[in-house]
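Here are the chains, one letter per residue:
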2 protein chains.
Amino acid sequence: MSANSRLTIAAHALAWIGLYQRQGHEVATSEQIAASANTNPVVIRRLLGELRRAGLVESRRGVGAGWSLARELESMTLLDVYEAVEPGPLFAMHRATPDQGCVVGHGIQPAMQGIYEGIERTLRHELARVTLADVLRDVLAAPR
Amino acid sequence: MSANSRLTIAAHALAWIGLYQRQGHEVATSEQIAASANTNPVVIRRLLGELRRAGLVESRRGVGAGWSLARELESMTLLDVYEAVEPGPLFAMHRATPDQGCVVGHGIQPAMQGIYEGIERTLRHELARVTLADVLRDVLAAPR
DNA sequence: CCTAGTCGTAACAGCTAAGGTTGCAACAGT
DNA sequence: ACTGTTGCAACCTTAGCTGTTACGACTAGG
């Protein structure tokens, strides 16, 4: 499917900010998060920008600027993050509309659409069951 | 996620072959299927080749050659098709391994892996609930 | 044995998305 | 005024999907 790492990196960033704030700090910088995720600060800023639009984080500018959580990790689910960073559907239809004169060509899109909707609903339900606090707990539970 | 249409096209092809066989024909050609799906015959042959490797269809060569189902549509699920045409995982990890000296960088991959495994298990379960006979029934149930 | 129709597959081009990088303006605290 | 950071645009590289052409391999039928 050509999977991407956007959900993973976004969860990483949120867990990092959450832990940093638990340690008493006010804001985290994109550079710190990028160092932990081993990527470029701009990639982090782009992702956090989408999370900000979704109301999950806030940013300050100027000296001593950076990112902070807009809500508790307990109230954020992976579904919130998924919806913030993954706009499109999971499965695509035909690029060119199939032959409407053919019985299969005519009925295939509504049929698959109905099936895909059910599957995506289930996926969203699963994502909504995991909070970012769960993620951070699992992160800290890793051995060594 | 940059979704693709492989599962959709594969289901289209299988439904088409299944209906064609119900109408008494022996084999279907990639050209016929491509016309219905409004794409190129080579695209269909490539996809059906993967389905053949998975044991879902058979192909004959020579004059009067073409494709036929290797099993009944009732015994084929969307999971069989999905696994035949979508090898990789749904969500990717970091491209570069995160900073192992950081607590979050160290624990994030096992944490997300565990979560993703549960989600993919659910996705597969949902896909396994839909047979290709269900798909064809839905196709034929489309209005007009 | 020859022909015709179809598969099997390689090769290539176009497109899109993700990810990485650089550069710089905007901003705000000191 | 200075400094550190965000916000954002621009560009590049890579990878995967899709479409297309080309051609050899194969086989039923004459």
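Scoring rules and cut-offs
- Residues numbered from 1 in each chain as written.
- Chains lettered and ligands numbered in written order.
- Predicted model: local features only at pLDDT ≥ 70, side-chain atom pairs only at ≥ 80, totals over all residues.
- Heavy atoms only, no water.
- Helix = DSSP H or I, 4+ residues; strand = E, 2+ residues; numbered from the N terminus.
- Rg over C-alpha atoms; globule rule 2.2 N^0.38 Å.
- Buried < 20%, exposed > 50% of the residue type's maximum accessible area, 1.4 Å probe, protein only.
- Contact = heavy atoms within 4.5 Å.
- Areas by Shrake-Rupley, 256 points an atom, 1.4 Å probe, with all protein chains shown as cover.
- Lys, Arg positive; Asp, Glu negative; His and termini not counted.
- Charge placed at Lys NZ, Arg CZ, Asp CG, Glu CD.
- Axes fitted to C-alpha atoms, helices over the stretch in contact; angles between N-to-C directions.
- Parallel < 35°, antiparallel > 145°, perpendicular 65-115°, else oblique.
- Nonpolar A, V, L, I, M, F, W, Y, C, P; charged D, E, K, R; others polar.
- Core = buried A, V, L, I, M, F, W, Y, C linked by side-chain atoms within 4.5 Å.

Student: Would you explain the overall build of chain A in this entry?
Tutor: Scanning chain A for helices and strands turns up 6 helices and 2 strands. Listing each helix as α and each strand as β along chain A from the N terminus yields α-α-α-β-β-α-α-α. Taking 15 Å as the expected radius of gyration for a compact globule of 144 residues, we find that chain A reaches 19 Å, considerably beyond that expectation. Looking at chain A as a whole, 53% of its 144 residues qualify as buried. Look at the contacts in chain A between residues 6 or more apart in sequence, and 63% of them connect residues 24 or more apart. Accessible area for chain A stands at about 6,900 Å²; split by element, carbon and sulfur atoms hold 48% of it. Considering chain A, the positive charge centre built from 15 side chains and the negative charge centre built from 15 side chains are found 6 Å apart.

Student: Just to check I follow, could you spell out the packing of helix α1 (residues 6–22) of chain B against helix α3 (residues 41–53) of chain B for this structure?
Tutor: The packing of two helices is summarised by the inter-axis angle and the distance between the axes. Residue and element names in this part refer to chain B. Axis separation between α1 and α3 bottoms out at 10 Å; the angle between their running directions is 80°. When the axes of α1 and α3 are compared, the pair comes out roughly perpendicular. Side by side, α1 and α3 meet where Arg-6, Ile-9, Ala-10, Ala-13, Leu-14 and Ile-17 of the first sit next to Ile-44, Leu-47, Leu-48, Glu-50 and Leu-51 of the second. Tallied by class, residues from the contact of α1 with α3 come to 9 nonpolar, no polar and 2 charged.

Student: What am I meant to see in the nonpolar core here?
Tutor: Within soluble globular proteins, side chains that are nonpolar tend to cluster in buried spots. In this structure, Leu-51 and Leu-78 of chain A together with Leu-51 and Leu-78 of chain B are the most contacted members of the largest nonpolar core, which totals 100 residues. Residue contacts for Leu-78 of chain A: discarding those within four places in its chain leaves Leu-7, Ala-11, Leu-127, Val-130, Leu-132 and Val-135 of chain A together with Met-112 and Ile-115 of chain B.

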